[in-house]
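One-letter residues, chain by chain:
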Amino acid sequence: VVEPAAAAAFLETIDAYGSVDFATQQARILDSAAEVIVEQILVSPGQSVGVGDHLLRIRATASSALELNKAKIDLEFAEASQARTLQLLSQQLATNADVDMARQATANARAMLASVRSSGIGDEPIILRAEAAGIVTSVDVARAAIVPAGAPLLHLADSGRMQARLGIEPADLSRLRQGQSATLVASYDSTLVASGVVNQIVAQIDSQSRLAAAIVDLPPSPGLMPGTTVRGTIELARRESAIAVAHAAVLYADQRPYVFVLDAGIARQVWVAIGMDDGAHSEITAGLAAGDAVVILGNYELKDGMRAVAAAAPSGEPLSPETQ
């Protein structure tokens with residue numbers, strides 16, 4: 001069988017498997033600058049929330065309340081001291097420098113009280129509200145828990161930002177680049193497809209999977225739910241107008257590729273250079289031109305210069321070679 005070499009588009013890809021989740025870069029972590037007690041949890045993981053929605057009800061612990069009371073007392077003392085210094089100044093028993101120091105002490109005490117209050121410590125319980133719309137990805141505390149200052153209370157993700165983490169064989173890392181296109185297909189439903197772009201390449205081997213990773217950013221509302229396992233196809237390179245022949249047409253001698261071209265009834269051995277290969281077709285980067293009649297079946301029986309006729313024999317043998 002003879003088939004003409006023809007221009008074709010070649011796509012070099014790698015397949016990888018992983019899962020979809022919310023974009024970690026866009027996750028918000030709610031915490032408290034002071035030690036608090038969780039009085040009530042008002043949301044659950046996976047719940048959608050809007051701006052201003054109630055998330056948690058918390059109150060200061062005894063130690064935090066003590067800190068607030070101390071700041072209040074310090075301010076009261078500083079204000080009283082400033083008043084006494086002003087009175088002594090009027091009696092010429094204090095200097096202007098003494099007054100300036102008293103005013104500075106009052107200002108410092110007032111700033112400290114404001115700082116304590118801004119950390120969430122107050123006389124009454126407070127309700128934490130969502131500052132932006134999103135999805136509650138985790139609640140990191142339990143009711144009645146005492147949470148240290150700075151510890152996370154819950155995580156809130158942007159519902160419009162999704163990404164997939166795909167496991168990558170270490171040998172394929174060198175071929176990955178940021179910006180490469182990727183197509184994701186849900187493992188449980190091949191009709192659920194999303195397209196994205198490689199945003200990050202994690203060049204670190206996971207101790208359990210023994211794989212590196214590629215992080216693929218997905219568009220808003222990709223149609224794939226968080227937690228979905230997917231098969232990803234990452235596009236490494238594309239050739240739009242390459243010369244292609246059937247994969248079976250390429251033979252090798254001492255690891256050098258060649259094909260047979262049928263020219264006026266004569267089989268000519270032509271050395272070629274191979275580019276991409278998609279398993280069905282091979283890209284020919286040198287040695288052939290579009291339209292060359294390439295033998296794709298029966299080529300193992302040919303030798304250079306052998307006379308051959310492309311004909312489908314009744315036995316199913318597609319090529320009838322004849323010695324020249």
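Residues numbered from 1 in each chain as written. Predicted model: local features only at pLDDT ≥ 70, side-chain atom pairs only at ≥ 80, totals over all residues. Heavy atoms only, no water.

Helices and strands together make up the secondary structure of the protein chain, namely two helices and 23 strands. At 37 Å, the protein chain has a C-alpha radius of gyration far larger than the 20 Å of a compact globule built from 324 residues. Viewed in the frame of its principal axes, the protein chain has a C-alpha envelope of about 130 × 45 × 35 Å. In the protein chain, which comprises 324 residues, the share counted as buried stands at 35%. A separation of at least 24 residues holds for 69% of the contacts in the protein chain among residues at least 6 apart in sequence. A total accessible area of about 18,000 Å² is found for the protein chain, and carbon and sulfur atoms account for 51% of it. Seen as two clouds, the 23 positive and the 36 negative side-chain charges of the protein chain have centres 7 Å apart. (Helix = DSSP H or I, 4+ residues; strand = E, 2+ residues; numbered from the N terminus. Rg over C-alpha atoms; globule rule 2.2 N^0.38 Å. Buried < 20%, exposed > 50% of the residue type's maximum accessible area, 1.4 Å probe, protein only. Contact = heavy atoms within 4.5 Å. Areas by Shrake-Rupley, 256 points an atom, 1.4 Å probe, with all protein chains shown as cover. Lys, Arg positive; Asp, Glu negative; His and termini not counted. Charge placed at Lys NZ, Arg CZ, Asp CG, Glu CD.)

Taken as a whole, the protein chain shows an average pLDDT of 85; of its residues, 92% reach a score of 70 or greater. Across residues 312-324, where pLDDT falls below 50, the model places 32 contacts with residues more than four positions away in sequence or in other chains. (pLDDT = per-residue confidence, 0-100.)

Another aspect to go through is the sheet that holds strand β6 (residues 54-60). A sheet is described by the order of its strands in space; here four strands give the open sequence β7-β6-β4-β9, paired in antiparallel fashion. With one partner strand each, in any of the chains shown, β7 (126-129) and β9 (146-147) form the two edges of the open sheet. Inspection of the sheet shows strand β4 (residues 36-41) paired to β9 by two bridges, in the antiparallel sense. Among the inter-strand pairings, I37 is bridged to a residue of β9, identified as I146. (Pairing = 2+ DSSP bridges.)

As a further point, take the pairing of strand β12 (residues 181-186). Bridge analysis of β12 against strand β13 (residues 189-202) gives six bridges, and the strand direction is antiparallel. Across the sheet, V185 pairs through a bridge with V193, a residue of β13. The hairpin formed by β12 and β13 contains two residues between the paired strands. Pairing of β12 with strand β15 (residues 229-246), which is carried by five bridges, proceeds in the antiparallel orientation. In the strand pairing of β15, T183 is matched with T233.

By the element assignment, N299 lies in the loop between β21 (293-295) and β22 (307-310). A residue is classified by how much of its surface remains accessible, and N299, at 2% relative accessible area, is buried. Of note is the side chain of N299, whose polar atom sits 3.1 Å from the backbone oxygen of A248. If sequence neighbours within four positions are ignored, N299 has contacts with A248, A249, L251 and F260. (Polar contact = N/O pair within 3.5 Å; in protein donor to acceptor, adjacent residues only side chain to side chain.)

Further remarks concern the sheet that holds strand β10 (residues 152-157). The sheet built from four strands is open, its strands ordered β3-β10-β8-β5 with antiparallel pairing. Among the strands making up the open sheet, the edge pair consists of β3 (28-31) and β5 (48-49). Two elements, β3 and β10, share four bridges in a ladder whose sense is antiparallel. Looking across to β10, one finds that R28 is bridged to L156.

Okay, the packing of aromatic side chains next. Tallied over the entire structure, the rule returns two aromatic pairs. Ring plane angle 85 degrees and centroid distance 5.7 Å describe the contact between Y258 and F260, whose orientation is recorded as edge-to-face. Residues Y258 and W271 carry aromatic rings whose centres are separated by 5.4 Å and whose planes lie at 70 degrees to one another, so their mutual orientation is edge-to-face. A residue pair is termed long-range when its members are at least 10 positions apart, and Y258 in strand β17 (residues 256-263) and W271 in strand β18 (residues 266-271) qualify at 13 residues. A connected cluster of aromatic rings, assembled from ring pairs, spans Y258, F260 and W271. For the cation-ring pair, R256 lies above W271, with the distance from its terminal atom to the ring centre recorded as 3.9 Å. (Phe/Tyr/Trp six-rings, centres within 6.5 Å; stacked < 30°, edge-to-face > 60°. Lys NZ or Arg CZ within 6 Å of the ring centre and 35° of its normal.)

With phi around 55 degrees, D254 is a residue other than glycine that occupies positive phi space. Turning to its location among the elements, D254 is positioned in the loop between β16 (251-253) and β17. Using a relative accessible area of 79% as the deciding quantity, one classes D254 as exposed. We note that A264 has phi near 55 degrees; this positive angle belongs to a residue other than glycine. Positionally, A264 belongs in the loop between β17 and β18. Residue classification places A264 among the exposed residues on the basis of a relative accessible area of 71%.

Across 13 bridges, strand β2 (residues 6-22) lies against β15 in antiparallel orientation. Pairing of A8 across the sheet is with A242, part of β15. Pairing analysis gives four bridges linking β15 to strand β20 (residues 281-286), with the strands arranged antiparallel. Residue pairing across strands places A246 opposite H281, the latter belonging to β20.

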